[in-house]
Amino acid sequence: MTRPKQCRVATVMAAMGMMIAIMSGCTRNKPNALVCTKEQQAKLMGDTATELTADTTTMTEIDARSIADQRFDFADIVRDLHFIPLETTPESRLDKIRRLSFTEGNIIASDSKGVKVFGAEGRFVGAIPFGRGSERNDYTIDRGRNEILVFTQGSIGHYDMKCQRLWVESIPLTFSAMGTTRSGNALVMYAGSGDRNGNIGDIDDASFIVMNRQGAITHFFGQRDTEGLPPREGTPLQLSSDGLMMCRNNCDTISTLTDNGLTTLYTLKYRESTGTENYFFAGNALMTDSTLFFKLQNIRAKTAYAFYDRKKGRLVGGVPTFDYRIMPPIYNPTVVYGDYFVATFNTYLTEDGKDFRFVGDCASESEKEKIKGVKHDANPILALYRIEL
């Protein structure tokens, strides 16, 4: 039986009662700890949290049924390729990159151990370790304050770009992804289940929780149902040119969140074809001013990569084909920076002890020289490129 909307709001608000103490007037009885009275919690929660309703007036349908079994030459659509090797030291070494972000002067990356900060050219700046025993952790960039927000072990730590801790707030709930709008006025979280002690219970109705700078929940978005599951654990909430990407796997829509509200920009059509009936939207989408990137996957883990020209309405996608001697494996970008998609690749694809090199003409000779001496066991190389369809 479906509960009324106001009941769902009450459930979310009750479950998040302790969480909205961030940046609040709750009293502190020891460093990094918060003690809130019921009156303070009630004042912070209020009864104003509402379900976000997306504006669909400018929504465009993308027919993606043709790409499932296609192949395309990825090198044909890549332009203006640049490389940034990330400095490799014992302190800066990264295992698999979980999340990547760009600011005007820094590159921020996270792996299983914590967050690493690099300069714009890849020089190592510092590291922020995740707490011991943390199973769910993430970070985001507050561009309004130029801070790194790190969630780990039941708290959010605020750090500057030199990895100096500014302050820490206690968070009793778990969540698997968070992001901020470009202004930093809204912190968005994909809701997890329960508090640190397992006493609050599941938050089954809301996929996303939106909080303001004062720590009050203002909105929630997305209910779990048979057609729309919440994002997979660890799916980053990435910032695009149009706002914070709000996507869920197995859902058909691509939306963005700004301070002005939620807008659904695209709906994907792919379920009606026999060739794509077992495919689903993987929940990963990135967007520049000119190009949208998304992925479709099927139950056999086959992935189709798609690039859509937002101005021409042209779609190119499928299974990418490329020659490692012509193009590095960068067809799966993880973030955008301006009008560039950014992907990572490792030099272990080459023979041990040999320089990584390729002969494609998508990058200039000076760019190729940047990675010529990168060794077999170095940190991943960042590749920035534009797409032209």
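Residues numbered from 1 in each chain as written. Predicted model: local features only at pLDDT ≥ 70, side-chain atom pairs only at ≥ 80, totals over all residues. Heavy atoms only, no water.

Please clarify how helix α3 (residues 365-372) should be interpreted in this entry.
In an α-helix there are 3.6 residues to a turn, and that puts residues three or four apart on one side. Every buried residue of α3 is listed here: Glu 367, Lys 368 and Ile 371. Seen from one end, α3 has its buried residues packed into an arc of 100°, which puts them on one side. Elements in contact with the buried residues of α3: β4 (78-85), β25 (340-345) and β26 (381-387). (Buried < 20%, exposed > 50% of the residue type's maximum accessible area, 1.4 Å probe, protein only. Helix = DSSP H or I, 4+ residues; strand = E, 2+ residues; numbered from the N terminus. Arc of directions from axis to C-beta. Contact = heavy atoms within 4.5 Å.)

Would you explain the nonpolar core in this entry?
Core analysis: the biggest nonpolar cluster contains 28 residues, and Phe 74, Leu 81, Phe 307, Ile 330, Tyr 385 and Ile 387 have the highest contact counts within it. Mapped onto this core, the elements with two or more residues apiece are β4, β22 (303-309), β25 and β26. When residues in this core are grouped by element, the largest group, four residues, is from β26. Core analysis: the next-biggest nonpolar cluster, separate from the first, contains 21 residues, Ile 67, Met 245, Tyr 270 and Ala 304 among them. (Core = buried A, V, L, I, M, F, W, Y, C linked by side-chain atoms within 4.5 Å.)

Explanation requested: the packing of aromatic side chains in the structure shown.
Tallied over the entire structure, the rule returns 13 aromatic pairs. Seen from their ring centres, Phe 307 and Phe 341 are 5.9 Å apart, and the 85° between their planes marks the pair as edge-to-face. With Phe 307 in strand β22 and Phe 341 in strand β25, this pair connects stretches of sequence that are 34 residues apart. Through a chain of ring-to-ring contacts, the aromatic side chains of Phe 74, Phe 293, Tyr 305, Phe 307, Tyr 331, Phe 341 and Tyr 385 assemble into a single cluster. Looking at Arg 99, its charged tip hangs above the ring of Tyr 139, at a distance of 5.6 Å from the centre. (Phe/Tyr/Trp six-rings, centres within 6.5 Å; stacked < 30°, edge-to-face > 60°. Lys NZ or Arg CZ within 6 Å of the ring centre and 35° of its normal.)

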